[in-house]
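Report on the structure
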Amino acid sequence: MTHSSSLVSALRSVSLTVPDLVAAEHFYTSIWHLDVVAKSEQAIYFRGTGADHHLLELHQADGPAKIRCVTLRARDLSALEKVAKAAVAAGGKVLKPIAEVTEPGGGQSVTVIDPDGRVFQLVYGDAMHADAHEVQDRPIRLAHAVLNSHDVESTRAFMESVLDFSLSDRTRIMAFMRCNSDHHSIALGDSDNDALNHIAFLMPDVDSVMRGGGRMRDAGYGIEWGPGRHGPGDNAFNYFVGPFDVVIEYTAEVQQIDDSYKSGQPTDWTWPPGRVDQWGISAPPSPRLKDAQKAVVFVS
């Protein structure tokens, strides 16, 4: 793919702060079906069944949950310096210069922040698991993260110029950005704030997405949107509001694209009245979901 990012190979993980690590560990292992790969008194790192060292990290902090950063994997070591320089040129800043990573996973990284406070860590040479595999009902890796933006086109320009992402599709409320053959690894949601919208976890099949919905409901976490199948990305989904108002999604069958894919515009992505996805069986996103999609702001 000529339009894959020359700098970023994949979305690796998302880092959050939460007020109760014990409760979080119980939820993300027993109910959400991740495994703890590393932990300390102040942080827990969770892996899926895929090769990524971890896909979610949680750090202890009082107050509401916040997002610390989105971590992307660099294609090579030189990408770290290129991203650092491009971030400054685009009006952002380098929060942490290129250095060895001292947290679990290792590697080298650089951390940059865009003009509106979104934090991206780019890592290279981090540890990978040799036992990557698929297991029913267990997340493999992150499928995507969606970040709100009060100015989507400005945020899109930053991602294109700094991280070399490309636009896959533009709907009335979202810009879908890709760095590899996944239809999108980051999406930008039109909003009045710049919070984390949600984190999507890739499941091995649609049945695992559906059974995950039942398991979550049994645990007291109702489906806030779904089941359904999106237009852009063509992926099946169930959305939930997890502990501390973090919106999480089980998804499967994310569309794989190449250079023959033509980016759609809002007029290409419309639904008949009363529909909000391809299947048309789900109610629209719940008010609770919409509120939670604005609640997890970046650590300032």
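Just so it is clear, the structure is predicted and the values come from calculations on it, not from any experiment.

Reading the values: rules and limits
- Residues numbered from 1 in each chain as written.
- Predicted model: local features only at pLDDT ≥ 70, side-chain atom pairs only at ≥ 80, totals over all residues.
- Heavy atoms only, no water.
- pLDDT = per-residue confidence, 0-100.
- Helix = DSSP H or I, 4+ residues; strand = E, 2+ residues; numbered from the N terminus.
- Core = buried A, V, L, I, M, F, W, Y, C linked by side-chain atoms within 4.5 Å.
- Buried < 20%, exposed > 50% of the residue type's maximum accessible area, 1.4 Å probe, protein only.
- Contact = heavy atoms within 4.5 Å.
- Pairing = 2+ DSSP bridges.
- Axes fitted to C-alpha atoms, helices over the stretch in contact; angles between N-to-C directions.
- Expected span 1.5 Å × (residues − 1).
- Arc of directions from axis to C-beta.
- Phe/Tyr/Trp six-rings, centres within 6.5 Å; stacked < 30°, edge-to-face > 60°.

**Here's the deal with the confidence of the model for the protein**
This prediction gives the protein a mean pLDDT of 97; 99% of its residues lie at or above 70. The secondary-structure element of the protein with the lowest mean pLDDT is strand β10 (residues 166-170), recorded at 96, while strand β13 (residues 196-202) shows the highest, at 99.

**Considerations on the nonpolar core**
In terms of nonpolar packing, the biggest core is built from 66 residues, with Leu16, Tyr28 and Trp32 touching the most fellow members. If you tally residues by element for this core, the top one is helix α2 (residues 78-89), at 6 residues. Excluding its chain neighbours within four sequence positions, the residues that come into contact with Leu16 are Leu56, Glu57, Leu58, His59, Lys66, Ile67, Arg68, Leu196, Ile199, Val246 and Val296. Trp225, Phe237, Val247 and Leu289 belong to the second largest nonpolar core, which has 7 residues in total.

**Digging into the sheet that holds β10**
One open sheet holds the 8 strands; their spatial order is β10-β11-β12-β9-β13-β16-β15-β14, and the pairing between them is mixed. At either margin of the open sheet sits one strand with a lone partner, and together these are β10 and β14 (225-229). Across the sheet, the axes of successive neighbouring strands diverge by a mean angle of 20 degrees, strand direction being ignored. Sheet analysis places strand β9 (residues 141-149) next to strand β12 (residues 186-190), joined by 5 bridges and oriented parallel. Looking across to β12, one finds that Asn148 is bridged to Gly189.

**Thoughts on helix α3 (residues 152-163)**
Its 12 residues give α3 an end-to-end C-alpha distance of 16 Å, which sits within 8% of 16 Å, the value for a rise of 1.5 Å per residue. Regarding α3, the residues found buried are Val152, Thr155, Phe158, Met159, Val162 and Leu163. For α3, the buried positions fall inside an angular range of 125 degrees around the axis, keeping them on one side. Directly after α3, the chain includes Asp164, whose backbone phi takes a positive value near 60 degrees.

**Some points on the packing of aromatic side chains**
Within the structure shown, the criterion is met by 11 aromatic pairs. Between Trp32 and Phe240, the ring centres sit 5.8 Å apart and the planes meet at 85 degrees, which makes this aromatic pair edge-to-face. In this pair, Trp32 sits in the loop between α1 (21-31) and β2 (35-39) while Phe240 sits in strand β15 (residues 236-241), placing the two residues 208 residues apart along the sequence. Taken individually, Trp32 and Phe240 each receive the classification buried, so the pair is uniform in this respect. The interplanar angle of 5 degrees and the centroid separation of 3.7 Å between the aromatic rings of Trp32 and Tyr250 together place this pair among those described as stacked. Pair noted here: Trp32 is in the loop between α1 and β2 and Tyr250 is in strand β16 (residues 247-252), with a separation of 218 residues, a long-range link. When sorted by exposure, Trp32 lands in the same class as Tyr250, which is buried. Three or more aromatic residues joined by ring pairs form one cluster here, namely Phe27, Tyr28, Trp32, Phe46, Phe201, Tyr221, Phe240 and Tyr250.

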